[in-house]
Structure formats: C-alpha cells, structure tokens
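# Residue-level structural notes
So the chains spell out like this:
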Amino acid sequence: MHTEEMGNTISMITVAIKPLRQALLLWAIAGQLISCMDYGPMEEKDFEMPGTGVFITHEGNFMYGNASLSYYLPSEKLIENEVFIRSNGMNLGDVAQSMSIYKGLGYVVVNNSGIIFVIDTDTFKVLGTIGPMTSPRYIHFLSDSKAYVTQLWDNRIVIVNPTTFEITGYIETEMEPGMESTEQMVQYGQYVFTNCWSYNDRILVIDTETDRVVDQIRVGIQPTSLAIDKFDKIWTVTDGGYVGSPYGYTTPALYRIDARTREVEMEFTLKPGDSPSGICMNGTRDTLYFINEDIWRMEVTEERVPLRPFIENKGTIYYGLAVDPNTSEIYVADAIDYVQPGIVYRYSSDGELLDSFYTGITPGSFCFK
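Definitions and limits used
- Residues numbered from 1 in each chain as written.
- Predicted model: local features only at pLDDT ≥ 70, side-chain atom pairs only at ≥ 80, totals over all residues.
- Heavy atoms only, no water.
- Helix = DSSP H or I, 4+ residues; strand = E, 2+ residues; numbered from the N terminus.
- Core = buried A, V, L, I, M, F, W, Y, C linked by side-chain atoms within 4.5 Å.
- Buried < 20%, exposed > 50% of the residue type's maximum accessible area, 1.4 Å probe, protein only.
- Pairing = 2+ DSSP bridges.
- Axes fitted to C-alpha atoms, helices over the stretch in contact; angles between N-to-C directions.
- Phe/Tyr/Trp six-rings, centres within 6.5 Å; stacked < 30°, edge-to-face > 60°.
- pLDDT = per-residue confidence, 0-100.
- Contact = heavy atoms within 4.5 Å.

On to unusual backbone geometry, then. The phi torsion of most residues other than glycine is negative, and most of the peptide bonds are trans. The peptide bond linking Gly131 to Pro132 adopts the cis configuration, its omega dihedral lying at 5°. Looking at where Pro132 falls in the secondary structure, it is placed in the loop between strand S7 (126-130) and strand S8 (136-143). A positive phi is found at Tyr199, a non-glycine position, where the angle reads about 60°. Inspection of the secondary structure puts Tyr199 in the loop between strand S13 (191-195) and strand S14 (202-207).

Attention now goes to the nonpolar core. Ranked by internal contacts, the top residues of the largest apolar core, which has 21 residues, are Phe55, Leu69, Phe84, Leu92, Val108, Phe117 and Ile119. Secondary structure elements with two or more residues in this core: strand S2 (68-73), helix H2 (83-88), strand S4 (96-102), strand S5 (105-110) and strand S6 (115-120). Formed by 14 residues, the second largest nonpolar core is a distinct cluster that contains Tyr102, Ile116, Val118 and Phe141.

The subject of this paragraph is the sheet that holds S5. Picture the strands of a sheet paired through backbone hydrogen bonds; they go either parallel or antiparallel. On the basis of which strands lie adjacent, the open sheet formed by 4 strands has the order S4-S5-S6-S7 and antiparallel pairing. Unpaired on one side and paired on the other, S4 and S7 mark the two borders of the sheet. Going from strand to strand, the sheet's axes swing by 20° on average, the running direction of each strand aside. Relative to S7, S6 is paired through 4 bridges, and the arrangement is antiparallel. Across the sheet, Ile116 pairs through a bridge with Ile130, a residue of S7.

Reading across the sheet, the 4 strands line up as S3-S2-S1-S27 and stay open at both edges, with antiparallel pairing between neighbours. With partners counted over all chains shown, the strands left at the sheet margins are strand S3 (78-80) and strand S27 (363-368), one partner each. With strand direction ignored, the average angle separating the axes of adjacent strands in the sheet is 25°. Looking at chain direction, S2 and S3 are connected through 3 bridges and run antiparallel. Residue pairing in the sheet places Leu73 in a bridge with Leu78 of S3.

Bringing the packing of aromatic side chains into the picture now. Per the stated rule, a full pass over the model turns up 16 aromatic pairs. Summarising the aromatic geometry, the rings of Tyr71 and Phe124 are spaced 5.3 Å apart at their centres and angled 50° between planes, so their arrangement reads as tilted. Pair noted here: Tyr71 is in strand S2 and Phe124 is in the loop between S6 and S7, with a separation of 53 residues, a long-range link. Pair check on accessibility: Tyr71 and Phe124 agree, each one buried.

Okay, the confidence of the model for the protein chain next. Note that predicted coordinates carrying low pLDDT should not be read in detail. With 89% of its residues at a pLDDT of 70 or more, the protein chain shows a mean pLDDT of 90. Counted against residues more than four places away or in other chains, residues 2-40, with its pLDDT under 50, gives 92 contacts.

Now the structure itself:
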C-alpha cells in the first residue's frame, strides 16, 4: 500500500537456492542487512498447514524492519501470526507489500528491503530469494520462466524467472523523475496493464511477447489499484493527489476501461478530498469493491456509484481489502493507528460479519491459498 514506506533502497545479497541449502541462505541474508533490521537468529518452529487458508502481509513501520506474515484458517477461525519469523528464525524485513502464489510457492514481496522471499506455502519455510531490486511492489506470473515485478521510484519493471529465482531483464518505462512507479497488474491476452501511482496519471500497456511498453492510458492523478472484470473491463480508482501538488490535482474518480480498445468508457466522479483505494473483484468478477473510508460495492454493469456504503467505517483506518475468489467472502484490514497490531474483519458476500482477529502492524494485503 501507499504509506510512508518510501525510503532509501537497502542493498541485499541474495542467491537462488534449492531447499537443502535453506539454512545457509538464512544466515547469508542476515549477515548482509543493516543494523536497523534485526533478522535473528531466533528459535524456529515447524509448521505443516496444507489445504485452504489466507496469508496476510503486514507492512510494519517504515525503516523498523518489523514487517510480518500471518496465516488464517477460515474453517477453524484460527490465526497464526508471525509465521515467517517463527518458521525461519529471522524477520521478514522492511515493509511487506504483497504476496502471490504460483504453483504451490508463495512469493512475498518486501518493498523497502528490495527482495522477494519464495516460501513453501504449507511450512512457510524459505526456499529462495529474488533480488536485489530497488523497491518491488507486486509480482505477476506469465509462465514457469517469466514473471514481472513492478517497482516504486524506478523506471524499470523487473523480469524474473520464478523457477530459478533469477533476474533476467528489465522493461524500461521512461517516466519522468519523481513519477516513477508501477503497481498492480492485470492481463488481457498478451498484454499486461499496470497502474502508475506516484504522482502519475497513466496505466501502461506492456506487450509480453516483446517485453516493451506499447501504449498508455490516461486517467486521473494517482490510480491506486487495478482490477479486471468478467467482461474484460479494467477498473481503477484515482485519489487525485493533493491540492497544491506540483504534479497537479484532479478530483478522485472511478474509471472503467475497455481492455480491447484501451479506451476509457466511464468516469465516475467522487467527492473532492476522497481517497479511494483497494479496488478488487468478487469470485465471479461481476461485482467490484473498493475502499473510500467505508467499503463500497457495485455491480460492474451499473452506471453510477452507490449512494450508501456496503460496510460502514467504524471510525478507524480501512487499509486493505480483498475478496476470496472461491467463496467471495470479504476481508478488510484495519490499520487502527499504524502503530499497534491491526485487525482483520471477515464478512460474508452479503456483508455479515463472520470473524475478526488481531494481526500484525499495518495489515495491507491478502493472498488466498
């Protein structure tokens, strides 16, 4: 997510390894980190948690190295916090931004540490790392040998091999200084779309066959997130930046874009001062959700935004949002004050509260196994 995590890049020495070299990896990484990031060692615990579950990444506090990873079993209403440090004997790092799963492996993107940890999704053990990178944000898989990693404050999208854990190339975005950022990614055919958040106003289109930016779509300033529906319409919300910004300000809005023509079809204007984020789809991709203080929901065929929120804010900070692709249950991350452990609320698709539990500091993203 977008908070004060922006900072100096931390150089890290990382290596691609096989599981039997795991212990050597952990100590090698620990020896290369700066003093503010205490990576252990700690006593390890063995986990074995196959089946369905939800990973929750926590940013922690910028430059404190206290990012963490939790694992939740919805069938048992069981939350296991700090599973990364408990299973590996070392901290996750500084600002855990996102996590994705590909063919049974979990890829945990740690933004300010400039690294992606590859873990076993049942045992939470580290199998390898990808890096160093400037400031990785999200990973999108194209094949067993190619994935894209977006970055903040870097004009390049990183091309990696998710099997060998190697960096294999870069995609130049050629953005202006201070506006370099690429964030979430969605795919339509051979093209990947990514929103440019930091003071920017565009969505880039990348040809995955040539690994080049071939087009860009202009929207309002600072598109915060991205999703694609069942009709191949791309959705984003823009927060507009801030009044007086040298990069300009636009009224926050929700956009619908045709992925085939790359044309903006609809612009739903929100109120000045709104700060929308976290747009996502339900399991059937016919209903979208986003955060704008409250949680909002609308069908993708509607021609106007709803008048009332779906889930009202409880006077706190809704910071992350995701919908389980299998059950369409809704997960809301509450940062509270960015200092104490946050809370996650789990709702049914009808908005009934099913569970709530404490997690780590600044819960921001979810990954469904």
